[in-house]
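Spelled out from the first residue to the last, the chains are:
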Amino acid sequence: MAIKKVLFVSYGLLLSAIIGLIAAAFLVIEGFLTKIVWLSNSHFFQIFLIVVGSFILYSLLKRWPNLPKTSKDSLKELKQNQTIDYQDVFLNLLVTLVILSFGSGVGPEAALLSAIISLSIWQADNLRYFYFQYDELKRLSLGTAIKRLLNPFKYRQKYDEKIAPKTPKLLKWKKLLYVVFSINGLLEFVLLIKQTDQPSFIMKLGHSHWQLNELWIVPLLMIVGIVVGMILKELNYLFEKSIQQLKLNLAVRIALGALGIIAISYLEPNLLFSGQHSLHLLIGAWSNQSATFLFFMALLKLIFLVWCLTFNWRGGDIFPITFATMTAGFATAALLPNFDTLLVVAVLATTLMSELLSPIVAGIFIMLFFPITLIPIIILVAGVLFLKNKYLLKVRGNG
């Protein structure tokens, strides 16, 4: 049994490393393709490439209309079926590469998380095969056994509740291995990203020296953020509903999405793509811009995001919303020069992002960009908004 455990863990580490490398390779390829597509400074040539990208995307979505899958799609499928069809994971990444490379204002995180979820189920099916078919594998020659275990398409075993181990000791060991394999995959991901000099997703926005006498502004900023977030959600709902009623075909939808990308490339190229690599503008080129300019950029970024999502240039919304809410935060801070800038930005960005996504996502994500002195404030704001949402849902449910 000891040998079986060692081989089982080793096999799991190998598979988790492969998943981490695939995730990192996706980002490396996406960065490379983006540079190639946008290498030219000629606006006319950029428009030509966007049109080419539109035809590529149309041909892909015509054949695979359910792509690209997001993490929400994968989790929904997993919840319904207790498993995931991971046969299309690379097709999903391919479609996402096209969408991201040609300037869509969405992020890579949705497709990337979807791929990781799918590949994790693939890993589990492979490990399950090893666990239950170990005696058979022992009887095979070493070369044949290795070929089976490294075959990406065959020799897997789906989850079956009837035969799944249920002893407390094995369940505890299983949970521990989840953590070990996840950390291993993350390490491989980080190593490849570092080795290829990819720009970091996370950057610190500066230092904060907030004082206790400034905290009275926090509830006011939260009220403003909640009201603005509610208005934006309602406008988004009305826009999506209006477009659905038009019943546009795929070609028209993709063409409209491409027109949005062309318009943004002309109006403000910095708003192209997801925004995770544009945050430096807020403490660099845009640091002396007016509040009006920054508010307009934040709104335009959100409009561009909704436009792309609606017209089949789909992807993640976390990074674009982070960029937009941070920009709105800096715009608000410009109107409140007597308050600590990052305090204002952190509170407003956390509130807005909580309304547009969720307090948990906002709290975790916003913390990454701010100094440690603001983390208690961010946790407090996200916690209050979480309780607000929970309480409102309970009240509505009782009503």
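Every chain's residues receive numbers from 1 upward, in the order its sequence appears when written. In view of the model being predicted, local features appear only for residues whose pLDDT reaches at least 70, and side-chain atom pairs are presented and counted only at 80 or more, with totals across whole chains, interfaces and linings using the full set of residues. With hydrogens and water excluded, all non-hydrogen atoms of the structure serve as input to the side-chain values.

A. Quick peek at the overall build of the protein. Working definition: helices are DSSP H or I runs of at least four residues, strands are E runs of at least two. Numbering for both runs from the N terminus. Scanning the protein from N- to C-terminus turns up 15 helices and zero strands. Seen along its three principal axes, the alpha-carbon backbone of the protein occupies a region of about 75 × 55 × 50 Å. When a residue's accessible area, from a 1.4 Å probe over protein chains only, is under 20% of the maximum for its type it is buried; when over 50% it is exposed; and in between it is partly exposed. Every one of the 399 residues in the protein was classed for burial, and the buried ones make up 45%. For the protein, the share of sequence-separated contacts (at least 6 apart) that also reach a separation of at least 24 residues comes to 81%. Contact definition: two residues touch when any of their heavy atoms are within 4.5 Å.

B. Seen up close, the nonpolar core. Residues enter a nonpolar core if they are buried and are Ala, Val, Leu, Ile, Met, Phe, Trp, Tyr or Cys, with the set joined through side-chain atoms within 4.5 Å. Judged by nonpolar contacts, the single largest core of 94 residues is most densely connected at Leu 57, Trp 286, Trp 313, Met 326, Val 347 and Phe 370. What counts as a domain boundary in this text is fixed by an automatic or database domain assignment. Here this core gathers at least three residues from each of two domains, domain 1 (1–197) and domain 2 (210–395). Setting aside residues up to four positions removed in sequence, Val 347 forms contacts with Val 218, Leu 221, Met 222, Ile 377 and Val 381.

C. How the structure looks around the domain arrangement of the protein. What the domain assignment lists for the protein is domain 1 (1–197) and domain 2 (210–395). Each of domain 1 and domain 2 has a C-alpha centre, and the two are 29 Å apart. Between domain 1 and domain 2, the contact holds 27 residues from the first and 26 residues from the second. Roughly 2,100 Å² is buried in total at the junction of domain 1 and domain 2, and carbon and sulfur atoms are behind 71% of that figure. Broken down residue by residue, the surface that domain 1 buries against domain 2 is led by Gly 105, Val 106 and Glu 109, which jointly contribute 24%. Throughout, the accessible surface (probe 1.4 Å) given up by two parts as they are put together, summed over both, is called the buried area.

D. Highlighting the packing of helix H10 (residues 250–267) against helix H11 (residues 291–310). To get an axis, fit a line to the C-alpha atoms, keeping to the stretch in contact for a helix; angles then go from 0 to 180 degrees between the N-to-C directions. With their axes 8 Å apart at the nearest point, H10 and H11 run at an angle of 155° to one another. As judged from the angle between their axes, H10 and H11 are roughly antiparallel. Here the hand of the crossing between H10 and H11 comes out left-handed. In contact with Arg 253, Leu 256, Gly 257, Gly 260, Ile 261 and Ile 264 of H10, H11 contributes Leu 300, Phe 304, Trp 307 and Thr 310. For the contact of H10 with H11, the residue count by class is six nonpolar, three polar and one charged. Any angle that falls under 35 degrees is termed roughly parallel, while one over 145 is termed roughly antiparallel, one within 65 to 115 roughly perpendicular, and all others oblique. Each crossing gets its hand from how the near helix is turned against the far one by less than a right angle, where anticlockwise is left-handed and clockwise is right-handed. Three residue categories are used. Nonpolar comprises Ala, Val, Leu, Ile, Met, Phe, Trp, Tyr, Cys and Pro, charged comprises Asp, Glu, Lys and Arg, and polar comprises the others, including Gly.

E. Representation of the packing of helix H9 (residues 217–246) against H11. Running from N to C, H9 and H11 point in directions that differ by 35°, and their axes come no closer than 11 Å. Between H9 and H11 lies a crossing of right-handed hand. Only Leu 299, Leu 302, Val 306, Trp 307 and Thr 310 of H11 make contact with H9, whose side of the interface consists of Leu 232, Asn 236, Phe 239, Glu 240 and Ile 243. Its residues placed into classes, the contact of H9 with H11 shows seven nonpolar, two polar and one charged.

F. Just the packing of aromatic side chains, in detail. Here is the rule: rings of Phe, Tyr and Trp (six-membered ring for Trp) pair when centre to centre is within 6.5 Å. Planes less than 30 degrees apart are stacked, more than 60 are edge-to-face, and the remainder are tilted. What the rule picks out here adds up to 15 aromatic pairs. Judged by centre distance (5.9 Å) and plane angle (50°), the ring pair of Phe 365 and Phe 369 falls under tilted. Each member of the pair, Phe 365 as well as Phe 369, is classed as buried. Following the ring pairs from residue to residue traces out a cluster consisting of Phe 8, Tyr 11, Phe 130, Tyr 131, Phe 132 and Tyr 134.

G. Looking closely at the pattern of salt bridges. Any Lys or Arg side-chain nitrogen located within 4 Å of an Asp or Glu carboxyl oxygen qualifies as a salt bridge. All told, the structure shown has five salt bridges when counted by the stated rule. The closest approach of N and O atoms between Asp 88 and Lys 69, which form a salt bridge, is 3.4 Å. Pair noted here: Asp 88 is in the loop between helix H3 (71–81) and helix H4 (89–101) and Lys 69 is in the loop between helix H2 (43–63) and H3, with a separation of 19 residues, a long-range link. Lys 69 shares its class with Asp 88; the two are buried.

H. Highlighting H9. The end-to-end C-alpha separation of H9 is 44 Å, in line with the 44 Å expected for 30 residues at 1.5 Å each. Regarding H9, the residues found buried are Ile 217, Val 218, Leu 221, Met 222, Gly 225, Ile 226, Gly 229 and Ile 243. Lys 247, located one to two residues past H9, shows a positive phi value of around 50°. For a helix, the expected span equals 1.5 Å multiplied by the residue count minus one.

I. Representation of the side chain of Ser 104 in the model. Relative to the elements of secondary structure, Ser 104 occurs in the loop between H4 and helix H5 (109–132). The exposure class of Ser 104 is buried, given its relative accessible area of 0%. Counted as a polar contact is a pair of N or O atoms within 3.5 Å, where, for protein atoms, one must be capable of donating a hydrogen and the other of accepting one, and residues adjacent in sequence contribute only when both atoms are in side chains. Looking at Ser 104, its side chain comes within polar contact range of the main-chain oxygen of Trp 313, at 3.0 Å. Contact partners of Ser 104, with chain neighbours within four places excluded, come to Ile 99, Ile 261, Phe 273, Ser 274, Phe 304, Cys 308 and Trp 313.

J. Expanded view of a nonpolar patch on the surface. Distance thresholds for patches are 9 Å for like charges and 5 Å for nonpolar side chains (Val, Leu, Ile, Met, Phe, Trp, Tyr), applied to residues having over 30% relative accessible area and no salt bridge. The protein chains shown are the only cover counted for residues, whose accessible areas, like all others here, come from Shrake-Rupley with a 1.4 Å probe. Judged by side-chain polarity, Trp 216, Leu 220, Ile 223, Val 227, Ile 231, Leu 235, Tyr 237 and Leu 238 come together as a nonpolar surface patch covering roughly 800 Å² of accessible area. Secondary-structure assignment places Ile 231 in helix H9. Its relative accessible area of 47% is what places Ile 231 among the partly exposed residues.

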